[in-house]
Each structure stands twice: as C-alpha cells, then as structure tokens.
Amino acid sequence: MGAYFRNDGTRIGNPVTLKEDTLKEDIYILGIESSCDDTSAAVLRNGELLSNVTASQQVHFDYGGVVPELASRAHQQNVVPVVDQAIKRAGISSQQLSAIAFTRGPGLMGSLLVGVSFAKGLALSLGIPLIDVNHLQGHVMAHFIREPEMESTPPPYPFLCLLVSGGNSQIVKVNAYNDMEILGQTIDDAAGEAIDKCSKVMGLGYPGGPIIDRLARKGNPHAYKFAEPHIAGLDYSFSGLKTSFLYSMQKWTANEPDFIEKHKEDIAASLEWTIVDILMKKLNKAVVQTKIKHVAVAGGVSANNGLRNAFHEYAEKYGWTIYIPKFSYTTDNAAMIGIVGYYKYLDHEWCDIDKAAFAKTVI
Ligand code: KG4
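Keep in mind the model is a prediction, meaning the values are calculated, not measured.

**Q** How should the domain arrangement of the chain be read in this particular structure?
**A** Size of an interface: often given as the accessible area lost when the parts come together. According to the domain assignment, the chain contains domain 1 (28-153 + 330-346) and domain 2 (159-328). Between the C-alpha centres of domain 1 and domain 2 the distance comes to 27 Å. Tallying the contact residues gives 21 residues for domain 1 and 26 residues for domain 2. Area buried by domain 1 at its contact with domain 2 is led by Val 140, His 143 and Thr 330, which between them contribute 37% of it.

**Q** Whenever I open this one, helix α7 (residues 239-255) confuses me. Can you help?
**A** Structurally, the α-helix is built with 3.6 residues per turn, so residues lying three or four positions apart point the same way. Its 17 residues place the ends of α7 25 Å apart at the C-alpha level, agreeing with the 24 Å of an ideal helix rising 1.5 Å per residue. When we look at burial in α7, the residues that qualify are Leu 241, Ser 244, Phe 245, Ser 248, Met 249 and Trp 252. Seen from one end, α7 has its buried residues packed into an arc of 135°, which puts them on one side. What points out from α7, more than 90 degrees from its buried face, is the exposed set Tyr 247, Lys 251 and Ala 254.

**Q** Can you help me understand the packing of helix α8 (residues 259-290) against helix α9 (residues 305-318) in this one?
**A** Angle between the axes and distance between the axes: these two values describe a pair of packed helices. Where α8 contacts α9, the axes come no closer than 10 Å and their chain directions differ by 40°. Looking at the two axes, α8 sits oblique to α9. Read as a crossing pair, α8 and α9 show a hand that is right-handed. For the pair α8 and α9, contact is made by Glu 272, Val 276, Leu 279, Met 280, Lys 281, Leu 283 and Asn 284 and by Gly 306, Leu 307, Ala 310, Phe 311, Tyr 314 and Tyr 318, respectively. The residue inventory of the contact of α8 with α9, partitioned by class, reads 9 nonpolar, 2 polar and 2 charged.

**Q** Where do I start with the site of the ligand in this structure?
**A** The full set close to the ligand counts 19 residues, and Gly 166, Asp 196, Asp 213, Gly 300 and Asn 304 are the nearest of them. Taking His 135, its side chain carries an N or O atom lying 3.4 Å from an oxygen atom of the ligand. Interatomic distance of 2.8 Å between a side-chain N/O atom of Asp 213 and a nitrogen atom of the ligand. Of all the secondary structure elements, the ones that give two or more residues to the shell around the ligand are α4 (135-141), α5 (191-201) and α6 (208-216). Each of domain 1 (28-153 + 330-346) and domain 2 (159-328) gives at least three residues to the shell around the ligand.

**Q** It is not clear to me how the packing of aromatic side chains should be interpreted in this structure. Could you clarify?
**A** Pairs of aromatic rings are described using the distance from one ring centre to the other and the angle between the two planes. Tallied over the full model, the rule gives 16 aromatic pairs. Note on Phe 144 and Phe 159: the rings are 6.2 Å apart at their centroids and 35° apart in plane angle, and the pair reads as tilted. Here the residue Phe 144 occupies a position in the loop between α4 and β8 (159-164), and Phe 159 occupies one in strand β8, the gap between them amounting to 15 residues. Seen in terms of ring centroids, Phe 311 and Trp 320 are 6.1 Å apart; in terms of plane orientation they differ by 75°. Their pairing is edge-to-face. A single burial state applies to Phe 311 and to Trp 320, both of which are buried. Put simply, the rings of Phe 144, Tyr 157, Phe 159, Tyr 177, Tyr 342 and Tyr 343 pair up and form one aromatic cluster. Looking at Arg 308, its charged tip hangs above the ring of Phe 327, at a distance of 4.0 Å from the centre.

**Q** Honestly, the sheet that holds strand β6 (residues 99-105) in this entry has me stumped. Any pointers?
**A** The pairing of strands in a sheet comes from backbone hydrogen bonds and takes either a parallel or an antiparallel form. Ordered by their spatial adjacency, 5 strands build an open sheet running β5-β4-β3-β6-β7, and the pairing between neighbours is mixed. A single partner strand is all that each edge strand has here, and the edge strands are β5 (48-56) and β7 (130-134). Taking the axes of each pair of neighbouring strands and ignoring which way they run, one obtains an average angle of 20° across the sheet. Judged from the 4 bridges that link them, strand β3 (residues 28-33) and β6 form a sheet pairing that is parallel. The residue bridging Ile 32 from the neighbouring strand is Phe 102, located in β6. Relative to β6, helix α3 (residues 109-126) is tilted by about 160°, and along the sheet it contacts β3, β6 and β7.

So, how was this worked out
- Residues numbered from 1 in each chain as written.
- Predicted model: local features only at pLDDT ≥ 70, side-chain atom pairs only at ≥ 80, totals over all residues.
- Heavy atoms only, no water.
- Domains from an automatic or database assignment.
- Contact = heavy atoms within 4.5 Å.
- Buried area = accessible area lost by both parts, 1.4 Å probe.
- Helix = DSSP H or I, 4+ residues; strand = E, 2+ residues; numbered from the N terminus.
- Expected span 1.5 Å × (residues − 1).
- Buried < 20%, exposed > 50% of the residue type's maximum accessible area, 1.4 Å probe, protein only.
- Arc of directions from axis to C-beta.
- Axes fitted to C-alpha atoms, helices over the stretch in contact; angles between N-to-C directions.
- Parallel < 35°, antiparallel > 145°, perpendicular 65-115°, else oblique.
- Left-handed = near helix turned anticlockwise from the far one by under 90°.
- Nonpolar A, V, L, I, M, F, W, Y, C, P; charged D, E, K, R; others polar.
- Near = heavy atom within 4 Å.
- Polar contact = N/O pair within 3.5 Å; in protein donor to acceptor, adjacent residues only side chain to side chain.
- Phe/Tyr/Trp six-rings, centres within 6.5 Å; stacked < 30°, edge-to-face > 60°.
- Lys NZ or Arg CZ within 6 Å of the ring centre and 35° of its normal.
- Pairing = 2+ DSSP bridges.

Spelled out as structure tokens, the structure:
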C-alpha cells in the first residue's frame, strides 16, 4: 500500500504526469472539512474561492457541548448534499476537479473519519489526487483565501498568528504556508473552551463565545476582577481563570441567587476583558521577542469583538500591521482547507490513500 493508481496504471501523484497534464489548465480544488461539528465543502479555481457551503449542527445545543457520536452521524447525513451544493454553486462538474483536499486532523476522530473516507472515495472514483490538510494550518491560512472581485492583502512571511479556537490557543510564527513554528500555546484549556465553560456556569446557551460577546457589548469590563495566570515564556493557561470564575459565581449567588441574571452583562464584559488581556499581553511579548510586527488572528475566537478591538488598539499603540479574517472564515470552513490544498497542489504534495485521520497533533 502507499501510492494509488489510475485505471491506466499511472501513479496518482506522479509529478511529471500531473505537471504536463495540468499546468495549462485551470486548477480546481475541492476542500472538505469535518473535524468537529461543521460539515463544509468549498471549491477554488486557481486559488480563488468559487463556493463555500457549511452545514452547522444544531443537535448539540441541548447538551451544552458537542456530542462526538451525534456529530459523526450528522456528518454522514450532511457530507453528500454539502459537497454536491459546493460543486453546483461553483458552476462546474465533478469531472473538472483537479484534486480533493481534506482535513486529516486534529479533531474528533468520528467526525474526521466521515470527511476522510468520503474524500478518499471521491478521489478514487474521479482518478484525481488527494491532499491532506492540517486543520490548524487551515485556520492560519484563512488569511490567504481570495474571493473574486474582492481586494485582499494577505500577510507577508514571516508573520505571527494568534490562533484561538475551542481546542487551541497558540502563538504561531508563520515562515511559509508549510513552515510554521509554535512559539507558545496553552498548557491546559483553550481560550474558547474557557469562554464556553464560564458561559455554562452562567447558565447561558452553547456555544458560549458568541453569547458572551453579545452581552459584553453592553457591560462594564472593569466591574469584576478574575485571576490572570503567571506562566513563564509565551505559553498560556486558562484553567485557573475558569476556577476563579466558578468560585466567584458560587460566592456571589450564595448571598443573592439572581446575582448572575442581574449582572450578566458586566460579568460577560469582565470575563471577556480578562481573556483578551491574557491573550494580547503574551502576543505583544512574542512581537517584542521576534521583532515581527505583521500580526494576524485566526480561529473561532477571532470572531470576538473585544479581541478584534484589542488588535486595533495594539496596532495603533505598538505600530503593528494587523490581519483580521472575515467572520465567515473565523469558524470551521472548507475554504481554508481548499487554499492550503491549492498551495500543496502547486508543490505536488499528495497524500497516499492509506494515510489515516489523526485526532491530536501540533502544526
Ligand atoms: O475554530 P472553531 O470554530 O472550532 C474549533 O475549536 O476548531 O472555534 C470554536 C470556538 C468556541 O469555543 C466558540 O465559543 C468560540 O470559538 N467563538 C467565540 C465567538 N464565536 C465563536 N468566542 C468569542 N467570541 C465570539 N464571537
């Protein structure tokens, strides 16, 4: 096992055959993302986005978090219609696809297996190469997604990227699309996970991030103080903040049962301010250490208004050039998988058919 072959016996992934075949033609990449609870498919032509279709799963709402078994079942239901829609909206036929890029990991294993197996089956049936993409690399590279008739200025290499999602909080030095260094990362919970757990303590819905964001807009960020960690270097920690938040809520509601309901806007604003402050102080430390002033943000938490505002403030104060993604590219999407797939296609970086999904990794 290892390589795989077309019907005529030529190896899929043979650089010479592909180069001659394809350099004159447009390159169409189908991206597939299924690492957590969003089933997404996108089509790109020569690195430009033609379609991006995402089916989000509402089934987890009542459970206050993603239920892995339910997520993989929903992916099974969604993957065919989502891919079909993405190809139709791109205005092409599946026969025109040059390659299929898919999220290989990290993520929930059951969810990944649906996308990985589907991508393999479709690539084999169409006789085109497979390209594996790291989900985290995809988030960082969301800054390079180009849309027709839209001005976009991607960050120049090297740049720093604050990658903040439900599962990760990292400061990444990006030297090239395929050369990334993690300068610092959380030693326990991710920022998004901390926001979601604190929101659960407050009795708010799931996911907590957007709800906290909305409430925080109307609250006083300095109404309450929560513990900030003291971790050496460029690493993060959010578990202490989570505990401090829980104990504060328990103490305040013991005396006044409806304390959270009465003060939820100030609580949300203070929590958000603390998390943003922790993230930005370390990021600034990384800028000072590396002397790299092109600074990007990526991942689900980069949708947060408080964090976006802080980026603008730091840019003004410290002379950073900042890169903030469109809201639609902050959370999980296949466009970011497709753009990495496009760069890997240009470098003839194929994935053999026997490569398995992986649940955990670093970039
Ligand atoms: O990147 P993502 O969609 O999924 C992965 O974890 O890979 O990130 C999801 C996280 C959740 O924790 C969610 O609460 C958070 O991003 N999030 C936000 C906002 N929108 C999503 N956090 C703060 N403010 C938001 N507006």
